[in-house]
Amino acid sequence: MRDTADSLLVRHHSGSYVMFLPPDLASIREFRRALRQSLEENTFISKDIQQIELAADEALTNSISANYNSSSEETIICRWIVDNSKFTLWIVDYGSGLKKEKIEEQVAEAKPSSLQEFLKKVKTYQEGKCEVLPNRGKLTQHRNLGKGLLIMQSLMDSVKIMYHCKEGRISSDPTDSSIRGSIIELAFDSKKHSL
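These figures come from a predicted structure and were not determined experimentally. Counting restarts for each chain, with residues numbered from 1 along the sequence as it is written. A pLDDT threshold of at least 70 governs which residues receive local features in this predicted model, and a stricter bar of 80 or more applies before side-chain atom pairs are shown or counted, although totals over entire chains, interfaces and linings include all residues. Side-chain measures here rest on the full set of heavy atoms in the structure, leaving out hydrogens and waters.

S.K.: An account of the side chain of Asp189 is needed here, citing residue identities and associated values.
M.R.: For helices the rule is a DSSP run of H or I covering at least 4 residues; for strands it is a run of E covering at least 2, with both sets numbered from the N terminus onward. Mapped onto the secondary structure, Asp189 falls in strand S9 (residues 179–189). A distance of 3.0 Å separates the side chain of Asp189 from the backbone nitrogen of Lys191, its partner in a polar contact. Contacts were defined at the residue level, with two residues in contact if any of their heavy atoms lie within 4.5 Å. Excluding residues within four positions of it along the chain, Asp189 makes contact with Ser85, Lys86 and Asp157. Any N or O atom pair separated by 3.5 Å or less is treated as a polar contact, with the protein-specific requirement of one donor-capable and one acceptor-capable atom, and with residues adjacent in sequence counted only for side-chain atom pairs.

S.K.: Can you explain the packing of helix H1 (residues 26–41) against helix H2 (residues 46–69)? Please cite residues and give values.
M.R.: One can describe the packing of H1 onto H2 by two numbers: an axis separation of 10 Å at closest approach and a directional angle of 150 degrees. In terms of their interaxial angle, H1 and H2 are classed as roughly antiparallel. For H1 against H2, the interelement crossing comes out right-handed. Taken together, the residues of H2 that come into contact with H1 (itself represented by Ser27, Ile28, Phe31, Arg32, Leu35, Arg36, Leu39 and Glu40) are Ile49, Gln50, Ile52, Glu53, Leu54, Ala56, Asp57, Leu60, Thr61 and Ile64. Basically, the charged four are Asp, Glu, Lys and Arg, the nonpolar ten are Ala, Val, Leu, Ile, Met, Phe, Trp, Tyr, Cys and Pro, and anything else, Gly included, counts as polar. Looking at the contact of H1 with H2, its residues break down into 10 nonpolar, three polar and five charged. Every axis corresponds to a line fitted to the C-alpha atoms, with the helix fit spanning only the stretch in contact, and the corresponding angles, defined between N-to-C directions, vary from 0 to 180 degrees. If an angle is under 35 degrees, it is roughly parallel; if it is over 145, roughly antiparallel; if it lies from 65 to 115, roughly perpendicular; otherwise it is oblique. Note on convention: the crossing is left-handed when the near helix lies turned anticlockwise from the far helix by less than a right angle, right-handed when the turn is clockwise.

S.K.: I'd like a description of the nonpolar core, backed by residues and values.
M.R.: Each nonpolar core is a collection of buried residues, namely Ala, Val, Leu, Ile, Met, Phe, Trp, Tyr and Cys, held together in the definition by side-chain atoms within 4.5 Å. Buried means the residue's accessible area, taken with a 1.4 Å probe over protein chains only, is under 20% of the maximum for its type, while exposed means over 50%, and partly exposed covers the values in between. By size, the foremost hydrophobic cluster in this structure holds 32 residues, and its most contacted members are Phe31, Leu60, Cys78, Trp80, Phe87 and Leu89. Among the elements of the structure, strand S2 (16–21), H1, H2, strand S3 (76–83), strand S4 (86–92), helix H5 (148–155) and S9 are those that each provide at least two residues to this core. Here the element with the most residues in this core is H2; it accounts for seven residues. Leu60 has contacts with Leu21, Ser27, Ile28, Phe31, Ile76, Cys78 and Ile91, leaving out every residue within four places of it along the chain. In this structure, Leu149, Ile161, Cys165 and Ile179 belong to the second largest nonpolar core, which totals five residues.

S.K.: Can you break down the pairing of S9 residue by residue, with the values?
M.R.: Burial analysis of S9 places 10 of its 11 residues in the buried class, which makes it a mostly covered element. Of the strand pairs in this sheet, S4 and S9 are connected by seven bridges, and their pairing is antiparallel. The residue of S9 that forms the bridge with Phe87 is Phe188. By this definition, two strands are paired if DSSP reports at least two bridges between them. Two strands pair when backbone bridges link them, and strand S7 (residues 158–165) and S9 are joined in this way by eight bridges, in the antiparallel orientation. Its bridge partner being in S9, Cys165 is matched across the sheet by Ile179.

S.K.: For the packing of aromatic side chains, give the residues involved together with the corresponding values.
M.R.: Stacked, edge-to-face and tilted labels apply to pairs of Phe, Tyr and Trp rings (six-membered ring for Trp) whose centres lie within 6.5 Å, assigned for plane angles under 30 degrees, over 60, and everything in between, in that order. Applying the stated rule across the entire model yields two aromatic pairs. Judged by centre distance (5.3 Å) and plane angle (15 degrees), the ring pair of Tyr17 and Trp80 falls under stacked. Of this pair, Tyr17 sits in strand S2 while Trp80 sits in strand S3, and the two are 63 residues apart along the sequence. Judged by relative accessible area, which is 0%, Trp80 ranks as buried. Both rings, one in Phe31 and one in Trp80, keep their centres 5.6 Å apart while their planes meet at 85 degrees; by these two values the pair is edge-to-face. With Phe31 in helix H1 and Trp80 in strand S3, this pair connects stretches of sequence that are 49 residues apart. We note that Phe31, like Trp80, is buried. Linked through ring pairs, Tyr17, Phe31 and Trp80 together constitute an aromatic cluster.

Next up, the structure:
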């Protein structure tokens, strides 16, 4: 298992970023630090940065879990663009892809009426779910799994799930037989939230 020192942040030009991260929970801290710095540099307010960080953290955790559960040690790619008030993030993993049933289950679930209700639902769900994932190259118990898609949808303006397939195709069909992994797209416009 690789160490997070293998990760790399590349800034193509102002507002465009990419990180290549090993599928290890320790990658999350480095990713959040780079993400936060890029948002601060682009004058996002603290509340918006926290929302974006939490949703991005959930997406990356899901990708690490997907890679690990598919026995893939492939690098996870995190690419984001900040353009004025708009933020868009893509996370590419090499897991088996988010299953149709899981997507439908989370989409059908009623959105909670308050933050407290939402946090209570997440805590109740997580109490019964624990997974073993790599952290600094060692397998450790990780309890913060379960409602990631719902969390992302609650915090972001848009969440899209796509799949990269054999021959370089991109699909939106979770039943495609040639899926090599998922692409999660998160979008947030701080102007919408400043009203």
